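# Structural overview
Letter by letter, the chains look like this.
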Amino acid sequence: MSAAIEEMPVKPSVRVMIAGVLLELALAGLAWYLTSQLRSGAMQPSGTLEDAVTTIMQVIGGVMGGLGGLLIVVYFVLRRKENAA
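The structure reproduced in this document is the subject of the present report.

## Some remarks on the overall build of the chain
What the chain contains, in helices and strands, is three helices and zero strands. Listing the helices and strands of the chain from first to last along the sequence gives α-α-α. At 19 Å, the chain has a C-alpha radius of gyration far larger than the 12 Å of a compact globule built from 85 residues. Going through the 85 residues of the chain one by one, you find that 19% of them count as buried. A total of about 6,400 Å² of accessible surface is found on the chain, and carbon and sulfur atoms cover 69% of it.

## Describing helix α3 (residues 49-84)
Over its 36 residues, α3 runs 52 Å from end to end, which matches the ideal 52 Å to within 8%, given 1.5 Å per residue. Inspection of α3 places Ala52, Val53, Ile56, Ile60, Leu67, Leu71 and Leu78 among the buried residues, and these make up the whole buried set.

## Some points on the pattern of salt bridges
Per the stated rule, a full pass over the model turns up one salt bridge. Two residues, arginine 79 and glutamate 82, come together in a salt bridge whose shortest N-O distance is 3.8 Å. Linking arginine 79 with glutamate 82, this pair stays in helix α3, spanning three residues, or about one helical turn. Residue classification places arginine 79 among the partly exposed residues on the basis of a relative accessible area of 26%.

What counts as what
- Per chain, the residues get numbers from 1 upward, laid out in the order the sequence is written.
- With the structure being a predicted model, the display of local features is reserved for residues of pLDDT at least 70 and the display and counting of side-chain atom pairs for 80 or more, all residues being used for whole-chain, interface and lining totals.
- Just so you know, side-chain values use all the structure's heavy atoms and leave hydrogens and water out.
- Helix and strand definitions follow DSSP, with helices as H or I runs of at least four residues and strands as E runs of at least two, each counted in order from the N terminus.
- Note that the radius of gyration is over C-alpha atoms, with the globule rule given as 2.2 Å times the number of residues to the power 0.38.
- Exposure classes here rest on a 1.4 Å probe applied to the protein chains alone. A residue is buried below 20% of its type maximum, exposed above 50%, and partly exposed in between.
- Only the protein chains shown count as covering a residue, and every accessible area follows the Shrake-Rupley method with a 1.4 Å probe.
- One less than the residue count of a helix, multiplied by 1.5 Å, gives the span that helix is expected to have.
- Salt bridges are counted wherever a side-chain nitrogen of Lys or Arg sits within 4 Å of a carboxyl oxygen of Asp or Glu.

Next comes the structure, spelled out in structure tokens:
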């Protein structure tokens, strides 16, 4: 069975989606880590705690949205390229 798995190459479009999911999970983990550090008192915000958490979530949420949109475009470009070949 392992020989059959080794013969099947992974398409570039699938690689992009896997990498995208891993990057999105890493960003979500970063947001969770930063907010948990703020809430536990390990990090001290310069303003209020609520403002710091809101800023973290807005910035990381924006990055996740932009990255997700970019990855969808790259996925469809690679799929079209694979289907044309």
